[in-house]
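# Observations on the model geometry
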Amino acid sequence: MAYEKTWAANPKLNKTELKKLEKDGLKIFDEIPRYAKEGFAAIPQEDWDYFKWAGLYLQRPKEAGYFMMRVCVPSGILNNEQLETLAGIARDYGRGLFDITTRQAVQFHWLQIEQIPDIFQRLKRVGLSTAGACGDITRNIVGNPLAGIDPDELFDTTHIVREVYEFFQHNEDFSNLPRKYKMSISANVYNAANAEIHCVSFIPAKKVIDGQEVLGFHVKVGGGLSSAPHLAQLLDIFVEQGRVKEVAIAITTIFRDYGYREKRHRSRLKFLVADWGVEKFKEKLLEYTGPLPSKGETVQKGWNAGYFYGVHRQKQEGLNYIGFNVPVGRLSADEVFEIARITRQYGNGEVRFCNSQNLVIPNVPDSYVESVLHEKIFERITVRPKTFIGYSVSCTGIEFCNLALVETKERMRHVAEYLDSRLQLDVPVRIHMVGCPNSCGQRQIGDIGLQGIKMKTKDKGMVEAFEIYVGGTLQNDGKFNEKLKGKIPAEQIEEVLVLLFSYFQETKLPGETFLDY
Ligand code: SF4
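Worth saying up front: this structure is predicted, and the values here are computed from it rather than measured. (Residues numbered from 1 in each chain as written. Predicted model: local features only at pLDDT ≥ 70, side-chain atom pairs only at ≥ 80, totals over all residues.)

Time to look at the overall build of the protein chain. Along the protein chain, the regular secondary structure elements total 11 helices and 23 strands. Against the globule reference of 24 Å for 517 residues, the protein chain gives a C-alpha radius of gyration of 22 Å, in line with a compact fold. Based on the C-alpha atoms only, the size of the protein chain along its principal axes is roughly 65 × 60 × 50 Å. Out of the 517 residues in the protein chain, the part that is buried amounts to 50%. Within the protein chain, contacts between residues at least 6 apart in sequence are counted, and of these 69% link residues at least 24 apart. (Helix = DSSP H or I, 4+ residues; strand = E, 2+ residues; numbered from the N terminus. Rg over C-alpha atoms; globule rule 2.2 N^0.38 Å. Buried ≥ 20, exposed ≤ 12 C-beta atoms within 10 Å, placed from the backbone. Contact = placed C-beta atoms within 7 Å.)

Let us look at unusual backbone geometry. Glycine aside, a negative phi is what most residues show, and trans is what most peptide bonds show. In this structure, Pro 61 follows Arg 60 across a cis peptide bond, with omega equal to -10°. Here Pro 61 shows up in the loop between β1 (56-58) and β2 (67-71). Here Val 328, not a glycine, exhibits a phi torsion of approximately 45°, which is positive. One non-glycine residue, Gln 442, lies in the positive phi region at around 50°. Mapped onto the fold, Gln 442 is located in the loop between β19 (431-434) and β20 (448-457).

The interhelical angle for the contact between helix α5 (residues 158-168) and helix α6 (residues 244-258), taken along N-to-C directions, is 40°, at an axis separation of 9 Å. As summarised for this structure, α5 and α6 are arranged oblique, according to the angle between their axes. As for the relative orientation of α5 and α6, their crossing is right-handed in sense. Residues Ile 160, Glu 163, Val 164 and Phe 167 of α5 pack against Val 244, Lys 245 and Ala 248 of α6. Among the residues forming the contact of α5 with α6, the class breakdown is five nonpolar, no polar and two charged. (Axes fitted to C-alpha atoms, helices over the stretch in contact; angles between N-to-C directions. Parallel < 35°, antiparallel > 145°, perpendicular 65-115°, else oblique. Left-handed = near helix turned anticlockwise from the far one by under 90°. Nonpolar A, V, L, I, M, F, W, Y, C, P; charged D, E, K, R; others polar.)

With that out of the way, let us pick up the nonpolar core. One finds Val 71, Val 221 and Val 336 to be the most contacted residues of the largest nonpolar core, which totals 149 residues. The dominant element in this core, judged by the number of residues it contributes, is helix α7 (residues 269-289), at seven residues. Those residues in contact with Val 336, other than ones at most four positions away along the chain, are Leu 83, Leu 86, Ala 87, Ala 90, Phe 98 and Leu 331. (Core = buried A, V, L, I, M, F, W, Y, C linked by C-beta atoms within 7 Å.)

For the rest of this paragraph, the subject is the site of the ligand. Close to the ligand lie 13 residues; Cys 395, Cys 401, Ala 404, Gly 435 and Cys 440 are nearest. Taken together, the residues of the shell around the ligand break down into seven nonpolar, six polar and no charged. (Near = placed C-beta within 6 Å.)

Sheet architecture is open: five strands sit in the order β1-β2-β5-β4-β15, paired in antiparallel fashion. A single partner strand is all that each edge strand has here, and the edge strands are β1 and β15 (330-332). Pairs of neighbouring strands in the sheet enclose a mean axial angle of 25°, with direction left out of account. Two elements, β1 and β2, share three bridges in a ladder whose sense is antiparallel. The partner of Tyr 57 across the bridge, within β2, is Met 68. (Pairing = 2+ DSSP bridges.)

So, about the sheet that holds strand β13 (residues 310-313). Backbone-to-backbone hydrogen bonds join strands into a sheet, with any given pair of strands oriented parallel or antiparallel. Taken together, five strands build an open sheet; the order of strands is β3-β16-β17-β14-β13 and the sheet is antiparallel. The open sheet has two free edges, formed respectively by β3 (77-78) and β13, since each of these has just one partner strand.

At their nearest, the axes of helix α3 (residues 80-92) and helix α4 (residues 116-125) sit 9 Å apart, and the two run at 170° to each other. By the angle between their directions, the pair α3 and α4 is classed as roughly antiparallel. Classified by chirality, the crossing of α4 by α3 is right-handed. For the pair α3 and α4, the contacting residues are Thr 85, Gly 88 and Ile 89 in the first and Ile 119, Arg 122 and Leu 123 in the second.

Assignment of secondary structure puts Glu 279 in helix α7. Residue Glu 279 is classed as exposed on the basis of its 10 C-beta neighbours within 10 Å. When the C-alpha positions of Glu 279 and Leu 234 are compared, they lie 10.0 Å apart, and in sequence the two are 45 residues distant.

Turning our attention to the pairing of β2. Summarising burial for β2: five of the five residues are buried, a large majority. Every second residue of β2 is oriented toward a common face, with Phe 67, Met 69 and Val 71 on one face and Met 68 and Arg 70 on the other, all of them buried.

Here the focus is the pairing of strand β9 (residues 212-221). Relative to β9, strand β8 (residues 200-209) runs antiparallel, the two sharing 10 bridges. Within the sheet, the bridge partner assigned to Ile 209 lies in β9 and is Gln 212. The turn linking β8 back onto β9 is made up of two residues, and Asp 210 within it adopts a positive phi angle of 50°. Relative to strand β11 (residues 239-240), β9 runs antiparallel, the two being bridged by two bridges. Pairing of Phe 217 across the sheet is with Val 239, part of β11. When β9 meets strand β10 (residues 233-234), the two strands line up antiparallel, connected through two bridges. Following the sheet pairing, Val 221 is matched in β10 by Gln 233.

Right, let's get into the environment of Val 360. Structurally, Val 360 is set in strand β17 (residues 359-365). The class for Val 360 is buried, based on 22 C-beta atoms found within 10 Å. Sequence-wise, Val 360 and Gly 323 are 37 residues apart; in three dimensions their C-alpha atoms are separated by 4.3 Å. When near neighbours in sequence (up to four residues on either side) are disregarded, Val 360 contacts Pro 145, Leu 146, Phe 308, Tyr 321, Ile 322, Gly 323, Arg 352 and Cys 354.

Purely spatial values, then, with no claim about function.
If you want it as structure tokens, here you go:
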């Protein structure tokens, strides 16, 4: 270790912290080949948590020995070789399941320890990794999925995301953070990276320095969801493009050395920022970076929530990007192979994943657009989804997740399809379903948030149920949705939503959105 663990002497460190002092999480990468030879039974139970640093969680039930794996996809951008490699892993080891997450990463399920070394080798060959995909470490860096092709970006952020990702990826100086740590870097003027819900976000800005207009970033810190959600707050600094890595290192160092390590539920950066305030946070940051200019002008025109359906012109003349709906983010391995073939045939082989769990195929010449749209696979993964399935997001839920209280993914798909069969709204309504308060499905920012709970009933005992939240958005710096009174048994959720949206439909003005209603 190149740094001093200033917190190590704290007598109130929680159990997880004490374990992390015994062994760094990234060391699990050295141990996995041995466990793969010896089998799941050889892994001591107290080592299970370390697997998170390698992007691996034990899926439900843990004792069965199957892993969920998350692979980092910085900014959601994959080349053709990477896409095919991921499809191959899903086909060969993951029972064909391929999930796109709300942070642009990819998740596999049903993996066994014996298979992990081969999977790691396949990923390494194409420049992908699972390091930092889970655990108390810098997670996948969320970015503009349209970086480099986007008429609505201030500048291309591809190389900046890559530089920051490569610095933190598998870096033992920053692999023992107080909790998970989420960063976004985007210059899209419609907030494509959901800046306000990250621990730290670089957002597009400009400033006149020495008589010249400079394009760079403002920085927001202290956002995050879970049971105590916070919206990130703006620091009074302007960061030139060449200094992003330095500022990201400084903020991460502050979190590592000053973040709370006593109570796990108070360890996210958001609690430190809330207690210090942005002024004190900025002062500490400048101790690391030296002087930074004060803020300039934020260049933000609204929020697109990561939706890009349809055919759109790129910055590059004659080229288009096409946005498709992936219902609740789940594809089959065969579908991914087919998408990879199409992107090779008609585009440059790339695909981009969005935090809405959808995908974009970039770099399609004008002359090929119609051919792409007529491919059979795009009857299901469509460019013109119906109102509800097109704007539904779901976390993993009880199918695989140990923390889940209810089933989510398949249920969200069924609910959305049912609503689409019953109602036709003239505006989309974004529904986010989660299986517990941890909010992997970003419940707090949905027009409608559905959060799973258990509910006691007279006749059926404990049943799956949902709390309903309304009015979440990241427009105008953001507002989290608010809980309606009561809970709804899961079997009644479809009918309750039909009633709610029927009322909305009957009483709204034409074109009025759920947010404005
Ligand atoms: Fe699991 Fe809860 Fe995250 Fe859903 S929100 S995947 S139930 S931890």
